[in-house]
Amino acid sequence: GAQAAHDQVLKPHWDNWVKLSDFQKIKDSGFNLVRIPVGYWAFDNSGSPYAKGAAEYLEQGIQWARQVGVKVIVDLHGAPGSQNGFDNSGRSGNVAWQQDDNMEQSISILETIAKKYGAQEYADVVFGIQLVNEPISWDQNNIDTTKEWAKKAYTAVKSASTNQDLAVIMHDGFMGPSDWEEVGAAVNGGASLSDAKFWIDTHLYQNQVADDS
């Protein structure tokens, strides 16, 4: 089962895949931030086929980032139900994130993350928390539902955090950042650019069409 997979496969991988030296290389290459993806099951795997255990490695990564002097974004990369059906969400195929209570469970996981990593004692290293990675905006997902969720999730993360400077980051759902202007205005209010804490993440894949390649 999941525990055997953890012991035989996951733990040896986690123990060896990334080291302090990797963070040092990142720093030495001139980068100032590392985005660390984590699945929801690292914090709550009840009713799921996933093994726990990744949370302590996330913590280790954050300590290494602090040690070498780079910031971290903690990114909820796999959400309950799968937000995109991509393998990197933890499940290929069916997208059920907007069904049942998966979106509420996502917020509950984000609150767990925010209570820890949005705390003042991590303010020197955790730059932000990403609400969810690459939710699709078609088929089983409705973009308006995603936007309403993002507002709720933003409020929940901010309420659970003591670091006032914490950035709360939302992927644009492949719609482009300008599609999120209304959400940004609603959440950031009239805040100046330096005071606004709701950020949009857009992924520019320059390998999907022949011209880019």
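Above this text you will find the structure in question.
Student: What should I look at first to understand the overall build of the protein chain in this one?
Tutor: The helix and strand tally for the protein chain stands at six helices and five strands. Mapped in sequence order, the helices and strands of the protein chain form the string α-α-β-α-β-α-β-α-β-α-β. Compactness check: the protein chain gives a C-alpha radius of gyration of 17 Å against a globular reference of 17 Å for 213 residues, within 12% of the reference. With respect to the three principal axes, the spread of C-alpha positions in the protein chain is 45 × 45 × 40 Å.

Student: When you look at the side chain of threonine 146 in this model, what are you seeing that I'm missing?
Tutor: Position of threonine 146 among the secondary structure elements: in helix H5 (residues 143–160). A distance of 2.9 Å separates the side chain of threonine 146 from the side chain of glutamine 98, its partner in a polar contact. Residues in contact with threonine 146, not counting those within four places in the same chain, are Trp97, Gln98, Met103, Pro135, Met170 and Trp180.

Student: Sorry if this is basic, but what is going on with the sheet that holds strand S2 (residues 71–78) here?
Tutor: Two strands in a sheet stick together by hydrogen bonds in their backbones, pointing the same way (parallel) or opposite ways (antiparallel). Read across the open sheet, the five strands follow the order S1-S2-S3-S4-S5; overall the sheet is parallel. Either end of the sheet is taken by a strand with one partner, and the two such strands are strand S1 (33–39) and strand S5 (198–201). Neighbour-to-neighbour, the strand axes of the sheet open up by a mean angle of 30°, direction not taken into account. In the packing of H5 onto the sheet, the strands contacted are strand S3 (126–130), strand S4 (167–171) and S5, and the crossing angle to S4 comes to about 160°.

About the thresholds
- Residues numbered from 1 in each chain as written.
- Predicted model: local features only at pLDDT ≥ 70, side-chain atom pairs only at ≥ 80, totals over all residues.
- Heavy atoms only, no water.
- Helix = DSSP H or I, 4+ residues; strand = E, 2+ residues; numbered from the N terminus.
- Rg over C-alpha atoms; globule rule 2.2 N^0.38 Å.
- Polar contact = N/O pair within 3.5 Å; in protein donor to acceptor, adjacent residues only side chain to side chain.
- Contact = heavy atoms within 4.5 Å.
- Pairing = 2+ DSSP bridges.
- Axes fitted to C-alpha atoms, helices over the stretch in contact; angles between N-to-C directions.

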